[in-house]
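Listed here are the chains, written in short residue letters.
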Amino acid sequence: RIMKSSLLPEMILWASGNSEDSYLIPVDPSVVRIMFSGTFDATGGSLTLIAPDGTVIQQGDRIEDTPLNCGRIITVDAPASGTWQVRTAPTGRFWLRVRAKSGLSLRDAEFVEPDAGPESDRLVEIQGEPIAGRPATLRVSVSSTFKRPTFQLVSLDGRPLQAVDLQSTDNLEFIGTITLPIEPFRVLVNGRDESGIQTQRIWPRLFHGEVVEVVPPAGETVPAGTEMPVTFTIRNHGPAVRLNLVSSDHRGKVIAVEPPTLELGAGVEGIATVQLKVPADGRPASEASIHLTVTSDGTAAVGGFNSASKTFSVIRE
């Protein structure tokens, strides 16, 4: 059943918490199949699903009900349109995911910045997480069937944190500068389908404003058969912090970074260098990259996790 969820690409809700809770799920006519997945970190938890007509859902025609030792998964074919209700009663922590097969889609949600290259008027996705305490530019794309969308940031447990004002650049893309909340969040969009019925989608990625910024170096190419130092700048926009550094290449191989730890005072920046080795038989126009992750040692009051990648195009001299 978990494997089948990959065939249901639209996320309607993703929430987690450690207490009993109830969620209202708007289901529009575009949804042809929907899965309610509740998992718990211990036995004894329960998930109750109630249809728009007030019926408590159980195994039956068009319904697959799969009880687990630590959860419950309910899949409904051709679900009734309207507001469904999910009640979670965990013994510890719960994770609730509602996924659907539907032509109505939240296609993307990302934070963007002007391109540092020659196309400075173009917006590109930022490296890592947005920086706490700074305005951040959010770009969201929806399908053409999403009418009158409004946007909000929601917490880990699906609780609304703040509405955000995004302006349409065309009928599919919306963009705006927002203030980041102080806690992790996801992006949720509400709107109407073509018949005017309420609908909802959520972007699955969890964002979090960070006080540590990782900036990759300039440069676009690297010769085949060479070893080249790649130096990242690490800026601390918060209180003093001690960071652990880990790097990997485009093959996922962990490679050494110097220094492996870094202590940065408030408002201070440092550097970290990784040696990128490109094989002599590297094909022209292929790519070689370095990914650097920095993590606090756990003593920081806020922040302490961010990352950035640098990708080079391989050339032959």
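Report on the accompanying structure. (Residues numbered from 1 in each chain as written. Predicted model: local features only at pLDDT ≥ 70, side-chain atom pairs only at ≥ 80, totals over all residues. Heavy atoms only, no water.)

1. Section: the sheet that holds strand β8 (residues 94-101)
What the 5 strands build is an open sheet, ordered β1-β8-β3-β6-β5; its pairing is antiparallel. Here the strands that pair on one side only, and so sit at the sheet edges, are β1 (10-17) and β5 (63-68). The sheet shows a mean angle of 5 degrees between the axes of neighbouring strands, taken without regard to direction. Where strand β3 (residues 33-40) lies against strand β6 (residues 71-77), 7 bridges are found, and the strand directions are antiparallel. Residue pairing in the sheet places Gly-38 in a bridge with Arg-72 of β6. (Pairing = 2+ DSSP bridges. Helix = DSSP H or I, 4+ residues; strand = E, 2+ residues; numbered from the N terminus. Axes fitted to C-alpha atoms, helices over the stretch in contact; angles between N-to-C directions.)

2. Topic: the pairing of strand β9 (residues 106-114)
Note: β9 against strand β11 (residues 136-142), 6 bridges, orientation antiparallel. Bridged to Asp-108 within β11 is Ser-141. By the bridge criterion, 3 bridges tie β9 to strand β10 (residues 123-125) in an arrangement that is antiparallel. The partner of Glu-113 across the bridge, within β10, is Val-124.

3. Comments concerning the nonpolar core
Across soluble globular proteins, nonpolar side chains show a tendency to be buried alongside one another. Within the largest apolar cluster, 26 residues are counted, with the highest numbers of intra-cluster contacts made by Ile-234, Leu-243, Leu-245 and Leu-292. Only β18 (212-215), β20 (227-236), β21 (241-249), β24 (261-264), β25 (269-277), β26 (287-296) and β27 (305-315) provide two or more residues apiece to this core. Apart from the residues within four sequence positions on either side, Ile-234 is in contact with Val-212, Glu-213, Leu-243, Leu-245, Leu-262, Leu-264, Val-268, Glu-269, Gly-270, Ala-272, Leu-292 and Val-294. Among the nonpolar cores identified, the runner-up in size contains 23 residues, and Tyr-23, Ile-25, Ile-74 and Leu-96 belong to it. (Core = buried A, V, L, I, M, F, W, Y, C linked by side-chain atoms within 4.5 Å. Buried < 20%, exposed > 50% of the residue type's maximum accessible area, 1.4 Å probe, protein only. Contact = heavy atoms within 4.5 Å.)

4. Re the side chain of Ser-286
Mapped onto the fold, Ser-286 is located in the loop between β25 and β26. Aside from chain neighbours lying at most four places away, what touches Ser-286 is Phe-312, Ser-313 and Val-314.

5. As for the sheet that holds β9
Reading across the sheet, the 5 strands line up as β10-β9-β11-β15-β14 and stay open at both edges, with antiparallel pairing between neighbours. Because the sheet does not close on itself, it has two edges, and the strands there are β10 and β14 (167-168).

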